[in-house]
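# Overview (structure and organization)
Now for the letters of each chain:
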Amino acid sequence: MDKKLLIDLDRVPKHVAIIMDGNGRWAKGQGMNRVFGHKNALTSVRQSIETAAEIGVEAITLYAFSTENWKRPKFEVDALMRLLVNSLKKEYDTFQKNDVKVNAVGNIENLPQNAQKTLSEVIEKTKNNKRIVMTLALSYGSREEIVNAIKNISKKVVNKELSLEEINENTINNHLYTFNLPEVDLMIRTSGEHRISNFLLWQMAYAELYFTDVLWPDFRREHFCNAIIDYQNRERRFGKTSEQITE
Ligand code: IPE
Ligand code: IPE
Ligand code: MG
């Protein structure tokens, strides 16, 4: 049976964020090097985006490369950057077919020139797509994002464009890379690790967290649906009592 049939289409999370983890361990299990794992991650990405679009998720954000990942061996970093460029080119038709608007968050200026160029081309060409926004977190670190936001807000205060009294949660939201995205409702992490690894700290304040042992290259439509079904079985109380929610 298609797991999708078990999803209540009226209560789908608006924004799903995924920490795509476990490529290295998956490759090791196949007796291959880590890069082989990254190469085999594309089907998982495609199926997740397609399924999200089908069920009516408005935004999906994929953690593809963290600020900390720059510390990996150069050959792996180079391979990841090459894969990024090739995948964006290869998946361009899938984005158009599924009406996917491509977006990116992170310190994009740190990416190699050709990656920046391909990324901005795909973002430009898909900018009018409406069905789902797919955001790639690249050279992304949540703490760095928050530091940037504070600097930009402070500049406005110094320049008297903004007063201290005016600063509220929306001010912070509007100065994050994710300013145009809804709050994260569901965060999925694969590979059995139970941590956030500097991903969307502010944006996940009230997200439901879903952890699975499945390694990212094995993650399929069925697994994505399982996460949504699990999410739908939770009671999001936002500080209230259960009675207040169900009344
Ligand atoms: C996730 O898989 C991909 C990136 C972080 C780029 P890993 O490469 O972290 O795989 P493991 O965690 O070592 O298995
Ligand atoms: C988080 O995975 C970053 C991405 C998935 C891109 P890592 O594998 O880098 O995280 P840690 O090091 O296990 O926390
Ligand atoms: Mg990892």
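Residues numbered from 1 in each chain as written. Chains lettered and ligands numbered in written order. Predicted model: local features only at pLDDT ≥ 70, side-chain atom pairs only at ≥ 80, totals over all residues. Heavy atoms only, no water.

## Examining the overall build of the protein
Along the backbone of the protein there are 10 helices and 6 strands. Here the protein has a C-alpha radius of gyration of 19 Å; the compact-globule value for 247 residues is 18 Å, and the two agree. Along the first, second and third principal axes, the C-alpha set of the protein runs to 60 × 50 × 35 Å. Per-residue burial for the protein yields a buried fraction of 48% across its 247 residues. Residue pairs in contact within the protein that sit at least 24 positions apart in sequence constitute 77% of those at least 6 positions apart. (Helix = DSSP H or I, 4+ residues; strand = E, 2+ residues; numbered from the N terminus. Rg over C-alpha atoms; globule rule 2.2 N^0.38 Å. Buried < 20%, exposed > 50% of the residue type's maximum accessible area, 1.4 Å probe, protein only. Contact = heavy atoms within 4.5 Å.)

## Considerations on the confidence of the model for the protein
When pLDDT drops low, the exact placement of atoms in the prediction is not to be read closely. The predicted model of the protein has a mean per-residue pLDDT of 98, with 100% of residues at 70 or higher. Per-element confidence in the protein is highest for strand S1 (residues 15-19), whose mean pLDDT is 99, and lowest for helix H10 (residues 242-246), whose mean pLDDT is 93. (pLDDT = per-residue confidence, 0-100.)

## Some remarks on the pattern of salt bridges
Taken as a whole and assessed by the stated rule, the structure comprises 19 salt bridges. Residue Arg189 pairs with Asp21 through a salt bridge whose shortest N-O separation is 2.8 Å. One end of the pair, Arg189, is in strand S5 (residues 186-189); the other, Asp21, is in the loop between S1 and helix H1 (23-29), with 168 residues separating them in the sequence. Across the pair, exposure class does not vary: Arg189 and Asp21 are buried alike. For Arg234, the salt bridge is made with Asp230, and the minimal N-O distance between the two is 2.7 Å. Classification of Arg234 by relative accessible area gives partly exposed; the value is 27%. (Salt bridge = Lys/Arg side-chain N within 4 Å of Asp/Glu carboxyl O.)

## Some thoughts on the site of ligand 2
In the vicinity of ligand 2, the contacting residues are Ile19, Met20, Asp21, Tyr63, Ala64, Phe65, Asn69, Arg72, Arg189, Arg195 and Ser197. Ser197 places a polar side-chain atom, nitrogen or oxygen, 2.6 Å from an oxygen atom of ligand 2. Considering ligand 2 on its own, with 390 Å² of exposed area, one finds that the protein chains cover 79% of that surface. Given that more than half its atoms are within 2 Å of the pocket grid, ligand 2 belongs to the largest pocket. (Near = heavy atom within 4 Å. Polar contact = N/O pair within 3.5 Å; in protein donor to acceptor, adjacent residues only side chain to side chain. Areas by Shrake-Rupley, 256 points an atom, 1.4 Å probe, with all protein chains shown as cover. 1 Å grid on protein atoms, 1.4 Å probe; cavity = no way out; pocket = protein on both sides within 12 Å on 5 of 7 lines; lining within 4 Å. Sits in = over half its atoms within 2 Å of the grid points.)

## Re the packing of aromatic side chains
Inspection of every chain in the model, using the stated rule, returns 8 aromatic pairs. Plain terms: the ring middles of Trp26 and Phe36 are 5.7 Å apart, the flat faces sit at 20° to each other, and that makes the pair stacked. Here Trp26 is found in helix H1, whereas its partner Phe36 is found in helix H2 (residues 34-39), with 10 residues between them in sequence. Relative accessible area serves as the criterion here: at 11%, Trp26 is assigned to the buried category. Aromatic rings pair up to connect Tyr63, Tyr140, Tyr177 and Phe199 into one cluster. Note that Lys125 overlies the ring of Tyr92, its terminal NZ or CZ placed 5.1 Å from the centroid. (Phe/Tyr/Trp six-rings, centres within 6.5 Å; stacked < 30°, edge-to-face > 60°. Lys NZ or Arg CZ within 6 Å of the ring centre and 35° of its normal.)

## Some points on the side chain of Ser142
Structurally, the position occupied by Ser142 is in helix H7 (residues 142-158). Take Ser142: its relative accessible area is 0%, and that puts it in the buried class. Ser142 has contacts with Asn198, Phe199, Leu200, Leu201, Trp202 and Gln203, leaving out every residue within four places of it along the chain.

## Section: the side chain of Gln203
Position of Gln203 among the secondary structure elements: in the loop between S5 and strand S6 (208-211). Dropping the residues within four chain positions of it, Gln203 is found in contact with Tyr140, Ser142, Glu145, Leu176, Thr178, Glu183 and Val184.

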